[in-house]
Amino acid sequence: MSSITYIRCASQLITVRGGTKEPKRAQDMSDIGIIEHGSVVVENGLITFVGSDVEAERYVHTLNGHINTIDASGKIVTPGLIDAHTHIVFGGSREKELEMRLNGAKYIDILKAGGGILQTTTSTREATEEQLIQETSKRLNRFLQYGVTTVEAKSGYGLTLEDELKQLRAAKKLDERHPIDIVSTFMGAHAVPVEYKENPDEFVRLVIEEMIPRVAEENLAEFCDVFCEEGVFTIQQSEQILEAGKRYGLKPKIHADEIVQFGGAELAAKVGAVSADHLLQVSDEGIKQMAKSGVIAVLLPGTAFFLMEKPANARKMIEAGVPVALSTDRNPGSSPTESLPFIMNLACLTMKMTPAEVLTACTINAAHAIGKADEVGSIEVGKKGDLVLFDAPNYQTLQYNYAVNLVDTVIKKGQVIVEGGALRDVPVPTT
Ligand code: NIG
Ligand code: FE
């Protein structure tokens, strides 16, 4: 018998339709396909009907089987939110860095002194795969409570072949066992580990010749990412790594122009990257080339906020026709939060994106940034029944009430996972 979920009488159904083939750019980012008094039907995990309450009543009468009816009166319904850039699989924590930064230390200097990412590398190497699964599942549970139903997860805290594989295998098991869908990115080039400090090219060789082939062979990642930054990986090293990834079927992504203007956006366009992320210092030429090549800008205003830096110039990128997505960048050093809704608030308040643009950025454009736009990111027939009911009468309210969680119900593939803001018996994964 088929499983049917019928969500009816939403004050606004925010479909974000019309962007499945290409990410939305410029004015299209404001077109979020609102249906006032709308309903959705999900059958066996997939959306089979989207329309007005009146049409929906007629449609459900034609169905056989038990129908789980959810009343969305007074609420908006959006696609499940998508977080297209996270580093969620890690061991340990780094809370001491806040005081160091408040006393004037810079994020990048903490890394260069062997702290930061390298500290998390030590604790991640010490953790077992099972410990990583347990720690990460808590973060995934919080993501669900914030309305996030799909996340991208990067490796990059192992920095040895075995420890990178351990992180990616943990992510794969979580994808199988946890309700959230996880898309994995291999980011062995996240930092040069201390043991290669004097010989970074040898580490690049290890990434290219040993790590990438194994990751591809075990089918552990869909993307390859590099921290392309002064003092981390050069443009030339980044290009070699991303090209090697491409030869093994890993699509390129890049941490670009975060701390200094470095040419990362231009490199993203050159290698045909799916996305370039951060972009606080991107050049005008970089923006132009990204728009021309269709590279998605994944902007991370929470990272700028937490590192007390000026955020990326989202308006300039949107006006230049670059498709923009937003993400938490969830990691233990530069953005310890799972609250994608707060990131949306920050995008409005610190980057002047509009409430409609931020919804596009966290749904269909984020889906494109992880290669899943044919499955998720909008409320359209044939897509997964991933939906969020927010306790808000219209979409503007989501951004007007900041740093509060208005998530009421989260539905994953037609199943209610969060109800009244609380998690329903989500199994804690065990090996
Ligand atoms: O995207 N910039 C590089 N990597 C992460 C930070 C990782 C960390 O500090 O642990 C980022 O911000
Ligand atoms: Fe990142």
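Just so it is clear, the structure is predicted and the values come from calculations on it, not from any experiment. (Residues numbered from 1 in each chain as written. Chains lettered and ligands numbered in written order. Predicted model: local features only at pLDDT ≥ 70, side-chain atom pairs only at ≥ 80, totals over all residues. Heavy atoms only, no water.)

## A closer look at the nonpolar core
In globular proteins that are soluble, nonpolar side chains generally tend to be buried together.
Consideration 1: Ranked by size, the top nonpolar core spans 124 residues in total, and within it I241, L279, L299, M317 and M353 carry the most contacts.
Consideration 2: Built from parts of two domains, this core gets at least three residues from each of domain 1 (4-80 + 377-423) and domain 2 (81-370).
Consideration 3: Each residue touching I241, except ones within four places of it in the same chain, is listed here: A189, V204, V207, I208, I212, C224, V226 and F233. (Core = buried A, V, L, I, M, F, W, Y, C linked by side-chain atoms within 4.5 Å. Buried < 20%, exposed > 50% of the residue type's maximum accessible area, 1.4 Å probe, protein only. Domains from an automatic or database assignment. Contact = heavy atoms within 4.5 Å.)

## Points about empty space enclosed by the protein
Consideration 1: With the rule as written, the count across this model stands at four cavities of 30 Å³ or more.
Consideration 2: Estimates place the volume of the largest cavity at around 110 Å³.
Consideration 3: Lining the largest cavity are 14 residues, and of these H87, Y107, H190, N331 and S334 sit closest to its centre.
Consideration 4: Its residues assigned to classes, the lining of the largest cavity shows four nonpolar, seven polar and three charged. (1 Å grid on protein atoms, 1.4 Å probe; cavity = no way out; pocket = protein on both sides within 12 Å on 5 of 7 lines; lining within 4 Å. Points joined across faces, edges and corners; volume = space filled by probe spheres on them. Nonpolar A, V, L, I, M, F, W, Y, C, P; charged D, E, K, R; others polar.)

## A short note on the coordination of the iron ion (ligand 2)
Consideration 1: The protein atoms that coordinate the iron ion (ligand 2) are H85 (NE2), H87 (NE2), H255 (NE2) and D329 (OD), at distances of 2.0 to 2.4 Å.
Consideration 2: Summarised as a motif, the one-chain spacing of the donors to the iron ion (ligand 2) is H-x1-H-x167-H-x73-D.
Consideration 3: In this structure H87 comes out as buried when scored by relative accessible area, which is 2%. (Donors = N, O, S within 2.8 Å, 3.2 Å for Na, K, Ca; no water.)

## Section: the site of ligand 1
Consideration 1: Surrounding ligand 1, one finds 16 residues, the nearest of these being R94, Y107, Y157, D329 and S334.
Consideration 2: D329 is positioned with one of its side-chain polar atoms (N or O) 2.7 Å from an oxygen atom of ligand 1.
Consideration 3: Taking S334, its side chain carries an N or O atom lying 2.6 Å from an oxygen atom of ligand 1.
Consideration 4: Here ligand 1 is seated within the largest cavity.
Consideration 5: Here the shell around ligand 1 is composed, by residue class, of five nonpolar, eight polar and three charged. (Near = heavy atom within 4 Å. Polar contact = N/O pair within 3.5 Å; in protein donor to acceptor, adjacent residues only side chain to side chain. Sits in = over half its atoms within 2 Å of the grid points.)

## Examining the domain arrangement of the protein
Put simply, an interface is often sized by how much accessible area is lost when its parts join up.
Consideration 1: Here the protein is partitioned into domain 1 (4-80 + 377-423) and domain 2 (81-370).
Consideration 2: Here the C-alpha centroids of domain 1 and domain 2 sit 29 Å apart.
Consideration 3: Counting from both sides, the interface comprises 41 residues of domain 1 and, opposite them, 38 residues of domain 2.
Consideration 4: Taken together, both faces of the contact between domain 1 and domain 2 bury some 3,000 Å²; the carbon and sulfur share is 65%.
Consideration 5: Our enumeration of links across domain 1 and domain 2 arrives at three salt bridges.
Consideration 6: Linking domain 1 with domain 2 are 18 residue pairs in polar contact (both at pLDDT 80 or more), by the criterion used here.
Consideration 7: Where the side of domain 1 that touches domain 2 is concerned, the elements lending two or more residues are β5 (76-79), β14 (387-390), α16 (395-400), β15 (407-412), β16 (415-419) and β17 (422-423).
Consideration 8: Class assignment for the residues of the side of domain 1 that touches domain 2 results in 20 nonpolar, twelve polar and nine charged. (Buried area = accessible area lost by both parts, 1.4 Å probe. Salt bridge = Lys/Arg side-chain N within 4 Å of Asp/Glu carboxyl O. Helix = DSSP H or I, 4+ residues; strand = E, 2+ residues; numbered from the N terminus.)

## A word on the sheet that holds strand β13 (residues 324-326)
Consideration 1: Spatially, eight strands are ordered β6-β7-β8-β9-β10-β11-β12-β13 in an open sheet, and the strand pairing comes out parallel. Edge positions in the sheet fall to β6 (81-83) and β13, since each of these pairs with one other strand and no more. Averaged over neighbouring strand pairs, the angle between their axes works out to 25 degrees when direction is ignored.
Consideration 2: As paired strands, strand β9 (residues 223-226) and strand β10 (residues 251-256) are joined by two bridges and run parallel to one another. Of the residues in β10, the one forming a bridge with F223 is K251.
Consideration 3: The strands touched by helix α5 (residues 129-145) within the sheet are β6, β7 (148-154) and β8 (181-189), with β7 carrying the most contacts at an inclination of about 140 degrees. (Pairing = 2+ DSSP bridges. Axes fitted to C-alpha atoms, helices over the stretch in contact; angles between N-to-C directions.)

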